[in-house]
Amino acid sequence: MSDLTERMVRRMLAERNLFGLAIFAILVVVLFSIVSDNFLSVVNFQSMGFQVAEVGLLSLAVMLSMLTGGIDLSIVSVANIAALVAAQLFKSQHADSATGGQALVMTVGFMLVGIAAGTACGVLNGLIITKLRVTPILATLGTLQLLNGIAIIWTGGMAIYGMPDAFLNIGTGYVAQIPVPVIILLVAAAATAVFVNRTGIGLRMKLVGANSTAARYSGLNNDRVLMMTYIASALLSSVAGVLIAARSASANADYGASYVLLAIVIVVLGGVNYSGGSGTVTGVVLAALVLQFVSSGFDQVGFNNFLYSIAQGGILIVVLGINSVSARWSPSSRFAILGRRRRNGPGAASSPPAALAGVAPPGAFVRSDPDQLAGGRSQDPGSPPEGENQ
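Everything quoted here is computed from the prediction, not taken from an experiment.

Calculation notes
Residues numbered from 1 in each chain as written. Predicted model: local features only at pLDDT ≥ 70, side-chain atom pairs only at ≥ 80, totals over all residues. Heavy atoms only, no water. Core = buried A, V, L, I, M, F, W, Y, C linked by side-chain atoms within 4.5 Å. Buried < 20%, exposed > 50% of the residue type's maximum accessible area, 1.4 Å probe, protein only. Helix = DSSP H or I, 4+ residues; strand = E, 2+ residues; numbered from the N terminus. Contact = heavy atoms within 4.5 Å. Phe/Tyr/Trp six-rings, centres within 6.5 Å; stacked < 30°, edge-to-face > 60°.

### Re the nonpolar core
Then, number 1: If you look at the biggest cluster of nonpolar residues, it comprises 66 residues, and the most contacted ones within it are Leu60, Val62, Met63, Ile75 and Ile266.
Then, number 2: If you tally residues by element for this core, the top one is helix α2 (residues 42-67), at 13 residues.
Then, number 3: Excluding anything up to four places from it in sequence, Ile75 contacts Leu58, Ala61, Val62, Ser233, Ser237, Val260 and Ala263.
Then, number 4: In this structure, Ala95, Ala98, Met106 and Cys121 belong to the second largest nonpolar core, which totals 28 residues.

In structure tokens form, the structure reads like this:
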């Protein structure tokens, strides 16, 4: 199959996945609008917008790492580090009473410092993965525990307060009745889409995820690609952490522990290949909206929160199973099999190579050739060789 045909098939499959996800989202909205009178209200959608933004940003961070065939489990710990650094700076400067230009300068400056601190954690992840050759899942699991422990020792397990209103408005404000966090999510999603689809490093990320060995032999610097990937993942996580602090008016060392599983469910549901190589930002954002609809609907119906956790795990298992089955029966897989058969020709797989012709497998019984036995001379073991008595 030609590269052009394969790209067309992959694009069709991605569009089919997005179409199915959009249909599922519509069905969820229709279902909960029937069972709850307040589900379609503007207030409910605004409330969902404040909640979906932070988990959407964390899901984009997981998506970047998953495109390279890895995963970043430290997203929540990185987000908390960024939030704690910014909150501690606000507290040290008594910024809660600041107003006007002073509050604006503090807000911008301390946010940037917090995001930089979280991004530095991504550098740590990248160094562990590329220099120590630790598997991404284990490396980020280690930094998750490391950063979480540092945050708890630093704060004593207590939340940090004292942010100015200029900072809190980022997490609770509106622009034309649209929550500010939703605008931040859309801007970050657009930037991530450009980064993945329109830059060289984004293309290299997909190539490394599709086949890291082939990418290395093609001349790509896989270590540099992975380093940039986990730095970008930490950057998005840090933005999410600052947004969480602005919405909750505090920073906590162990906030959002359940967001890791939720972000993984969203990324897989959004059509990102967990083995690496393919995925769309649109699918991730749409999947985040779908699960937020489900969560809000469960709350309005009065379901137990544990049922939502069960739904997350069930959705993850079902989607993984469907992706595995569809991958084996997808048109691209069938075309690849047909292409190999055509190149090999009929019976090519069954005929042995010429170098192995006549070579018996180990342990097989080899029948002697009668012609060779007839040409030889049977001798008594005790008789001397022929010609010795002459």
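Following the structure, the description resumes.
### Examining the packing of aromatic side chains
Then, number 1: In the structure shown here, the tally under the stated rule is 11 aromatic pairs.
Then, number 2: Ring centres of Phe50 and Tyr174 lie 5.4 Å apart, and the angle between their planes is 80 degrees; this geometry places the pair in the edge-to-face category. With Phe50 in helix α2 and Tyr174 in strand β1 (residues 174-175), the pair connects residues that are 124 residues apart, well separated along the chain.
Then, number 3: With relative accessibility at 11%, the residue Phe50 sits in the buried group.
Then, number 4: The interplanar angle of 45 degrees and the centroid separation of 5.0 Å between the aromatic rings of Phe90 and Phe167 together place this pair among those described as tilted. A residue pair is termed long-range when its members are at least 10 positions apart, and Phe90 in helix α3 (residues 75-92) and Phe167 in helix α6 (residues 165-172) qualify at 77 residues.
Then, number 5: With relative accessibility at 0%, the residue Phe90 sits in the buried group.

By themselves, these figures tell us nothing about what the structure is for.
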